Amino acid sequence: MPVSRRQALQIGGVGIIGALGLAVPLSSVSAKSASLLDPRNMPRPYQQALTIPPVLRPKSTVIGADGKKTHLYHIEQTVGMASIVPGLKTPILGYNGSFPGPTIEVNQGERIKLEMDNVLPLFHPQWGYRLDTSTHLHGSASLPQFDGYANDITGRGMCKDYEYPNFQPARTLWYHDHAVHNTAQSVYSGLAGQYHLHDEVEQNLLPQGQFDVPLTISDAMFARSGELGYNDNTHSGLWGDVILVNGSPWPVMKVQRRIYRFRILNASISRSFRFQLGTGDPVTMVGTDGGLMPSAQQVTSWRQAGAERYEILIDFSKYPAGKRVELRNLSNKNNVDYDNTGRIMAFDVTGDPVDTSGPAARVMPTLLAGSTAMSLTPSQSVKTRQMRLKRDNDIWTIGGMTWDEVIKSGYKKVLADPNLNDVEIWEVENSSGGWFHPLHIHLVDFQILSRNGQPPFAFERGPKDVVYVGEGETVRLLMKFEHNRGRYMIHCHNLPHEDHDMMAQFSVGYNPNDSDPNDPIEAAKPHPIGQVPSTGGETTQPTESTGGTDGGSAQPTEAAAPVTTQPAAAVTAEPTVQKDVVAITTARHRLNKDITFAGTSKYTGTATGSSVVLYDVTPGRAAARIGTATINSLGNWSWTAKPGPSRQVTAVRADSSRGGTATATVRTS
Ligand code: C2O
Ligand code: CU
């Protein structure tokens, strides 16, 4: 098919398309190609071998005071050159320069601290936007300041230290860029990788090692030069004509005649798939986004939108050596399909000796594992909320909200505000026939109760964090807002929709008028690469700038208390630089009467505008900020309030903006 003027304009720049404002009505369109490659450079199915991304090794591992391991990882976000299409190189952005990024493997109960360096160019080499990044570990109940909040950005030359708790059950997660308004192009350029959380249940039930295979599937289009092309059809979606699995077009994998486990991640920024084996045989579905399903499901095809993860088992022992089993794509409504988007990859069954070590080599498991999300019942719900996914005046909205409104509110505006440990039902409606929306809710795993009043599909009867909200569909989701307090994003995972501007936030156990010790932007700021964070030696290194500016400013900082159910552990051997000696001389809280704290601060350097932030650190509940006291020129500070907090404070912590900290027991009479 000759290249249309529109396609010619699309490759190599979104600016032109955006300027022309070409709205593309979407129906199931099918065309020959989107790429502008010379035919000799155009990849063809089943010519390349499947590659498995390298597993990242930790830099070091430390055992904390609580006996738990913390692994320290280091990743550089950088430009790389990928060999994707024959005869040409493709510039990409990658974690450690690879496309997709390396896989991280971790056991339940072992923490990870990840130093994420931004050494990308200041501007995207092709699309010109500023390459600030934010990294989200999708599937992890991380604290808000480590959750990849869209405006918690790390600029060039900066490093952000992320912390991942890994206390949840085994699951397939993925880490990817989440920077405000540019997530689609940055993920499409390569900033995505898998992350496998293991636990004993899963290690005793499902294939491991070389029989546990990550498949990160995405689509792409290419310019004549081999560079990636980008066209999101006025923020409707990008539909590439080349299908990549772990970064290779339509690869082939040699398999032994036994059971394999595949962790399928749809990392496409817009395209959804409907997978089916070429033989028509069912696969055994064992895992969804949030880990193991209660019981295995036999499915002959399943639809999977961006960010959804499904773990399947395929038994190749039923095929003779020499048989090729294809993984195909039947597609779904409102994707744009091309000649070869109906193919994904192929498995070539070999006559090689069969390694039957490890679980489920020969026999499919049937009963798997329960989970919090799947054991919830609707009667536990204390609230039902409704929200619509909708296009309004060319802007995508969620529950009537956009991310720009959240920004303009100073990040205060929320779509929902459950209390910690509340169970709720969220009813999400997409009344349009023109597009589907994969809805992702951060922090939680949910159970899909129903879709248009019918039970969910067999393949989605497991814990989920993304739900396919198809055309004309209403889904009911049941979830518990547990683990952390604070603000978390909720958005469409068709990333051009997310960026423009189908994203909002909700808060858990948090009052927007209180200051937030887990502020997603202020509580753990990036620092210059190579510079040891000044409060090193703590699990969290939260800081707070006094201005309302985004990232990277050298404002005076205050340490904030971590709010977490995890005990703190020493994770590094870096020395703590104590610049200030704070003491608490008075601490009294008479319930319903008054609360008073006073103390001193001895400091040898010069500092202006210093203050002490006071935290309620009463045992048995999350730390919470209660007030700020100014340190006067004599080094004294005091703070009082009437009647004070409505819950008895029995322990207080004072953090000086000059660096010191002190705790004290509070008198209650
Ligand atoms: Cu996979 Cu908010 O993202
Ligand atoms: Cu959407």
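Please read all numbers here as calculations on a predicted model, not as lab measurements. (Residues numbered from 1 in each chain as written. Chains lettered and ligands numbered in written order. Predicted model: local features only at pLDDT ≥ 70, side-chain atom pairs only at ≥ 80, totals over all residues. Heavy atoms only, no water.)

Enquirer: Where do I start with the overall build of the chain in this structure?
Expert: The helix and strand inventory of the chain stands at 7 helices and 41 strands. In the chain, which comprises 669 residues, the share counted as buried stands at 59%. At a minimum sequence separation of 6, the contacts of the chain that also span at least 24 residues come to 75%. (Helix = DSSP H or I, 4+ residues; strand = E, 2+ residues; numbered from the N terminus. Buried < 20%, exposed > 50% of the residue type's maximum accessible area, 1.4 Å probe, protein only. Contact = heavy atoms within 4.5 Å.)

Enquirer: Please explain the pattern of salt bridges as it appears in this structure.
Expert: Opposite charge on two side chains makes pairing possible when the charged atoms of those side chains draw close. The final tally for this structure, using the stated rule, is 37 salt bridges. One salt bridge in this structure joins Arg40 and Asp38, with 3.2 Å as the shortest N-O distance. Residue classification places Arg40 among the exposed positions, given a relative accessible area of 67%. The exposure class of Asp38 is buried, given its relative accessible area of 17%. (Salt bridge = Lys/Arg side-chain N within 4 Å of Asp/Glu carboxyl O.)

Enquirer: I would appreciate a short explanation of unusual backbone geometry in the present structure.
Expert: A negative phi angle is the norm for most residues apart from glycine, just as the trans form is the norm for most peptide bonds. Across the junction of His500 and Asp501, the peptide omega takes the value 20 degrees, indicating a cis bond. Looking at where Asp501 falls in the secondary structure, it is placed in the loop between helix H7 (495–499) and strand E33 (503–508). A cis amide bond links Lys642 to the next residue, Pro643, at an omega of 0 degrees. Inspection of the secondary structure assignment puts Pro643 in the loop between strand E39 (636–641) and strand E40 (651–656). Although it is not a glycine, Ser331 sits at a positive phi angle of roughly 65 degrees. Position of Ser331 relative to the elements: it lies in the loop between strand E22 (324–329) and strand E23 (336–338). Even without glycine at this site, His483 takes up a positive phi of about 80 degrees. Its place among the elements puts His483 in the loop between strand E31 (473–480) and strand E32 (486–492). Look at His483 and you get partly exposed, because its relative accessible area is 25%.

Enquirer: Please clarify how the packing of aromatic side chains should be interpreted in this entry.
Expert: As enumerated under the stated definition, the model contains 26 aromatic pairs in all. An angle of 50 degrees between the planes, with centres 4.8 Å apart, marks the rings of Tyr95 and Tyr175 as tilted. Residue Tyr95 is located in strand E4 (residues 90–95), and its partner Tyr175 is located in strand E9 (residues 171–177); the two are separated by 80 residues in the primary sequence. On the numbers, 5.3 Å between centres and 50 degrees between planes, the contact of Trp127 with Tyr230 is tilted. Taken together, the positions of Trp127 in the loop between strand E6 (111–118) and strand E7 (135–138) and Tyr230 in the loop between strand E12 (228–229) and strand E13 (242–245) put the pair 103 residues apart, joining distant regions of the chain. When sorted by exposure, Trp127 lands in the same class as Tyr230, which is buried. What links up through ring pairs into an aromatic cluster is the set Phe211, Tyr260, Phe262, Phe316, Tyr319 and Phe347. (Phe/Tyr/Trp six-rings, centres within 6.5 Å; stacked < 30°, edge-to-face > 60°.)

Enquirer: Is there a simple way to think about the sheet that holds E7 in this case?
Expert: In a beta sheet, neighbouring strands are held together by backbone hydrogen bonds and run either parallel or antiparallel to one another. What the 4 strands build is an open sheet, ordered E5-E10-E9-E7; its pairing is mixed. Looking at which strands have only one partner, the edges of the open sheet turn out to be strand E5 (104–107) and E7. On average, each strand axis in the sheet is inclined to that of its neighbour by 20 degrees, with strand direction left out of account. Where E7 meets E9, 4 bridges bridge the pair, whose relative direction is antiparallel. Opposite His136, over in E9, you have His176 as the bridge partner. (Pairing = 2+ DSSP bridges. Axes fitted to C-alpha atoms, helices over the stretch in contact; angles between N-to-C directions.)

Enquirer: Before we go on, may I ask you to explain the confidence of the model for the chain in this structure?
Expert: Keep in mind that low pLDDT regions are not for reading the predicted coordinates in detail. Per-residue confidence for the chain gives a mean pLDDT of 88, with 86% of residues at or over 70. Low pLDDT (under 50) marks residues 1–29, which in the prediction has 53 contacts with non-local residues, meaning those over four places away or in another chain. Note that pLDDT drops below 50 for residues 535–579; the model gives that stretch 104 contacts with residues more than four away or on any other chain. (pLDDT = per-residue confidence, 0-100.)

Enquirer: What exactly am I supposed to notice about the pairing of strand E41 (residues 661–665) here?
Expert: Each regular strand carries side chains that alternate between the two faces of the sheet. The alternating pattern of E41 places Ala662 and Ala664 on a buried face and Thr661, Thr663 and Thr665 on a face that is not buried. Here 5 bridges tie E40 to E41, and the two strands are oriented antiparallel to one another. Across the sheet, Arg653 pairs through a bridge with Thr663, a residue of E41.

Enquirer: Would you take a moment to explain the side chain of His437 for this structure?
Expert: In this fold, His437 is placed in strand E28 (residues 437–441). You can call His437 buried: its relative accessible area is 0%. A distance of 3.2 Å separates a polar atom in the side chain of His437 from a polar atom in the side chain of His497. Ignoring anything within four residues of it in the chain, the contact list for His437 reads Leu389, Trp396, Asn430, Val467, Tyr468, Val469, Cys492, His497 and Met502. (Polar contact = N/O pair within 3.5 Å; in protein donor to acceptor, adjacent residues only side chain to side chain.)

Enquirer: Which parts of the structure should I look at to understand the sheet that holds strand E29 (residues 446–451)?
Expert: In space, the 5 strands of this open sheet follow the order E26-E25-E27-E31-E29, with mixed pairing throughout. Bordering the open sheet on either side are strand E26 (395–398) and E29, each of which pairs with just one other strand. On average, adjacent strands in this sheet sit at an angle of 20 degrees to one another, irrespective of strand direction. Bridge count between strand E25 (residues 383–392) and strand E27 (residues 423–430): 6 bridges; the pairing is parallel. Each bridged residue has a counterpart across the sheet, and for Arg385 the counterpart in E27 is Trp426.

Enquirer: How should I be thinking about the nonpolar core in this particular structure?
Expert: Soluble globular proteins: nonpolar side chains tend toward being buried together. Counting residues in hydrophobic clusters, the biggest one holds 102 residues, and the most contacted among them are Phe262, Trp302, Phe316 and Phe347. Top contributing element to this core by residue count: strand E11 (residues 212–222), with 6 residues. If we skip the residues at most four places from it in the chain, Trp302 touches Ile264, Phe273, Arg274, Phe275, Val283, Met285, Tyr310, Ile312, Leu327 and Phe459. (Core = buried A, V, L, I, M, F, W, Y, C linked by side-chain atoms within 4.5 Å.)

Enquirer: Any chance you could explain empty space enclosed by the protein here in plain terms?
Expert: What the rule picks out here adds up to 5 cavities of 30 Å³ or more. Estimates place the volume of the second largest cavity at around 150 Å³. In this structure, the second largest cavity is lined by 16 residues; those nearest its centre are Phe99, Val187, Tyr188, Ser218 and Ala267. Of all elements in the fold, only helix H3 (183–188) and E11 reach the threshold of two or more residues within the lining of the second largest cavity. (1 Å grid on protein atoms, 1.4 Å probe; cavity = no way out; pocket = protein on both sides within 12 Å on 5 of 7 lines; lining within 4 Å. Points joined across faces, edges and corners; volume = space filled by probe spheres on them.)

Enquirer: Can you help me understand the side chain of Ser331 in this one?
Expert: Judged by its relative accessible area of 7%, Ser331 falls in the buried class. A polar atom in the side chain of Ser331 sits 3.5 Å from the side chain of Asn335. For Ser331, the contacting residues outside a window of four places in its chain are Arg274 and Asp337.

Enquirer: Looking at this structure, how should I read the environment of Leu330?
Expert: Along the chain, Leu330 turns up in the loop between E22 and E23. For the pair Leu330 and Gly342, spaced 12 residues apart in the sequence, the C-alpha separation amounts to 6.0 Å. Ignoring anything within four residues of it in the chain, the contact list for Leu330 reads Arg274, Gln276 and Ser301.

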